[in-house]
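Analysis of the macromolecular model
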Amino acid sequence: MYIQQVLLSIFSSMNGQRSSKAALHLLRGKRSGQTIQDVGTFHLHKYFGILPKLSKNTFTDELNQLIDAGWVHINDGQQAIITARGKTLLQQSKELLFNGWYYRGNEHIFFKRLSLVVQTLSHFHAGDYRFMPLQKDEEIQHFVKQFLMGKPYKETNFKNQFRDELEESIQQLPIDDKHKLTIVLRITGYRLSGWTWQQLAEEFDATELDMQLILIESLHIWLDDLYAKRNQYPFLHQLAAGIRLENVLNDSTKKTADLYYNGYTPDQIAQVRSLKISTIEDHFVEMAMNDIDFPLNQFISEEDANKARDVMRQTGSKKLKVIRESIPHLSYFQIRLVMAIKGG
Amino acid sequence: MKLEDILYRHFGYEAFREGQKEVIEAILEGRDAVALLPTGMGKSLCYQLPGYILNGPILIISPLLSLMQDQVDSLKRFGEKRVIALNSFLQGSEKLHALQRIATYRYIFISPEMLATDSIQRVFQKIDFSLIVVDEAHCISQWGFDFRPDYLKIASWIPKRNRPPILALSATATEQVVIDIKTYLKMIHPFEYIHSVERPNIHYDVINLPSVDEKLPWIINHVVQTEGPGIIYTQSRKKTLLYADELQKKQIRAAAYHAGMEMEDRQFIQQQFQSGELEWICATTAFGMGIHKDNVYQVLHDHIPATMANYMQEVGRAGRDGKDALAILVHSPKDEDHTRFIVTEDLPSSYHVEVFKEYQRLEQDPKKMIDLNQISETVYRVLSYWMTQLPAEKVIQKLEDLRRQKVEQIREVANFVEAQKCMREGLVSYFGQSLEEKPPNCCHFCGINHQDIVAKREFHPVSRNRPSWQERLQALMP
Ligand SMILES: [Zn+2]
Ligand SMILES: [Zn+2]
């Protein structure tokens, strides 16, 4: 059960320090200060935004199943705590290789482009130039048109070249054959229908949600691979253009960052932008998480930062309140920065 | 030159299909025209052919980019180069270039949204169009299934004086929709061609059951005993899943289809149905729009459709190849109430009007209602249109009228189903036409025997062999 493994992994990282709902926000990729901060604090980049449409009902159902199975229990503070049995199970499971933070749903755009290219080549090869494109999205169609233009796309040679590159690239991915099959069964061709989620779920004896997660994880792994091996798979690399988020700051945070690096203080930024100081602080936390060169020591001395880290290590807690109680002269903002800092 | 010669020379057809010539002749006389022709009956030829006779570009207003592209491609296939689709992808110098020589095109396709933009308006004012075509014209009427407020703005753009003839095209429309089309487009004594609704190879039945609970077992049993392919129309997503699941358990290749499914999944189902991999589809009314399948031999309803036009369109998907087909409506006493509940739920209420007004008063975007789940997107579309057209009190009145009319339309379907008279006659006369003769096994009232229409079901194995991923890839690109 994929979704259950995902949830167990999240709860295990959060270590009972967040309410179970935080996991829902994380999976949906909620762009709030708290969720972004959780990503940094508990190193949950993998799972950020992998299921933007996950419903609360589905989430609750899955959580209840974890509880019924004895892998998780909920404490008084609505926090999900992973049990010893849950931990064992997690240790025995294969590590999940999602990379939500950098793709944020864009993996589907990549897949749609690929699917339209394959559909087009497949139909052209059969001499059918008037097929109904599976992808109705204008942007996808436009992208694919641009991609094919200037290539000899009506030639058998090109089709073979593209197919071989596709096969080679999939072949060497560190994923099960079942997952590779899932990828290609979601693509259609000339007189070849795709399989619906329901049909895939039945075939592989899984749930529809699990099958969807399998595709998402496979795409993340694949994209990571394509970005790492730029020249090896030139066609696929072109189809992956712009899919990975190179600058992961959101627009508002970017504005704050620009002002900051132009010499404005957080208070001044709040004033100039007519935003609450708490919002600006959220931006700084996001910057701290993403920018390796974030100048932490402009906000907190190295000595204090180390103290905070010590408390975290000793108490095993990443709760702001606990840390604040031990080092009362630090502000919540300062503690949040220490927790968020990349690699911290 | 004779029209037939032009037809052959430019399109390669020897003869016109039903209705085409009449419509084209009316246009060439300079008359407005409304043509209701079913999909796949060559609607577009009604404006394509005049392009080779009339002087000046023909403007075609079409709601969907994919439909537009289809038409453009099809014209290009016939060797026509002077055709362009004005859409949002036309950018920069490409767009400028196209607009500069716009008057030299024979066919210009545009969406209603694009038509409303200032830059297009300025350019179009200087062009003498020879014909204005409104495709999918039923979108202009809130009685249609896909009311599009943008369509109502078309009229405000069409010049009042010295305008070219207007041709309104649609596949389905009731009398009420036709009236709306004529009114909103300000058509002048248009020529009307309305395709005959009589389909002698479709046989109509009603099965009366004492309770709702008996419908599912009856339908499953019927499907198990008879040959498809077929469609079961039902009203909720949940029920589409229920039927599909029950049929799958009986080793029948069936799938659910509803608007809540992912777009890809919906298309996979369509592909599989078309190719014969699936025998039965259990669907909400969402199913059928883009389907071109000639060999559907059964259409079952487990409910009373919202309008006669809906019913006709849905049963009309059976027997396209001319072979005998069966349309069964499974009925029980409370059906009318149920449909009424579902249909009127889709209308904005006076409460929605109040909330909308409140947002306006606070100078906030009333669209927030959607985000706050105060209203669904479809309901909001209807509401926001009327709020820009009428003062709030009038809107409440208008919505009340709409509600009453919808209830009335459901009553008409219920009457049709419950009437103790020939269903074929009822259907044909509802659309203002008359029936020449009745086929054998005409309907529930005249007498019908299922075995004479559809064969007894033979066993079809449900085998779906799982390929290896390499095999699949090879099959995709052999
Ligand atoms: Zn029967
Ligand atoms: Zn009859």
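Note: the structure precedes this text.
A brief look at the structure comes next. Computed from a predicted model, the values in this text were never measured in an experiment. (Residues numbered from 1 in each chain as written. Chains lettered and ligands numbered in written order. Predicted model: local features only at pLDDT ≥ 70, side-chain atom pairs only at ≥ 80, totals over all residues. Heavy atoms only, no water.)

**A closer look at the coordination of the zinc ion (ligand 2)**
Residues and elements named next belong to chain B. Taken together, the protein ligands of the zinc ion (ligand 2) are C422 (SG), C442 (SG), C443 (SG) and C446 (SG), with distances of 2.2 to 2.4 Å. Considering all 4 donor atoms around the zinc ion (ligand 2), angles at the metal cover 101 to 117° and the coordination shape is tetrahedral. For the zinc ion (ligand 2), all donor residues lie on one chain, and their spacing in sequence is C-x19-C-C-x2-C. One end of the pair, C422, is in the loop between α19 (392–418) and α20 (423–430); the other, C443, is in the loop between α20 and α21 (450–453), and 21 residues separate them in sequence. No difference in accessibility class separates C422 from C443, as the two residues are buried. (Donors = N, O, S within 2.8 Å, 3.2 Å for Na, K, Ca; no water. Tetrahedral: all angles 85-135°; square planar, octahedral: opposite > 155°, others 65-115°. Helix = DSSP H or I, 4+ residues; strand = E, 2+ residues; numbered from the N terminus. Buried < 20%, exposed > 50% of the residue type's maximum accessible area, 1.4 Å probe, protein only.)

**Let's talk about the environment of H189 of chain B**
Looking at where H189 of chain B falls in the secondary structure, it is placed in the loop between α10 (175–184) and β7 (191–194). By relative accessible area, which is 70% here, H189 of chain B ends up exposed.

**Here we look at the side chain of S9 of chain A**
All names here are of chain A. Structurally, S9 is set in helix α1 (residues 2–14). Here Y47 takes part through its side chain, which lies 2.8 Å from a polar atom of the side chain of S9. Once you skip the residues sitting within four places of it in the chain, S9 turns out to touch Y47 and L90. (Polar contact = N/O pair within 3.5 Å; in protein donor to acceptor, adjacent residues only side chain to side chain. Contact = heavy atoms within 4.5 Å.)

**Description of the coordination of the zinc ion (ligand 1)**
All names here are of chain B. In the first shell of the zinc ion (ligand 1), the protein supplies H222 (ND1) and H450 (ND1), at 2.2 to 2.3 Å from the metal. Of this pair, H222 sits in helix α11 (residues 215–225) while H450 sits in helix α21, and the two are 228 residues apart along the sequence. Across this residue pair, the class does not change: H222 and H450 are buried.

**With respect to the pairing of strand β1 (residues 33–36) of chain B**
Residues and elements named next belong to chain B. Of the two faces of β1, the one carrying A33 and A35 and the one carrying V34 and L36 are both buried. Bridging between β1 and β7 involves 4 bridges; their strand directions are parallel. Bridging from a neighbouring strand, A35 pairs with Y193 of β7. (Pairing = 2+ DSSP bridges.)

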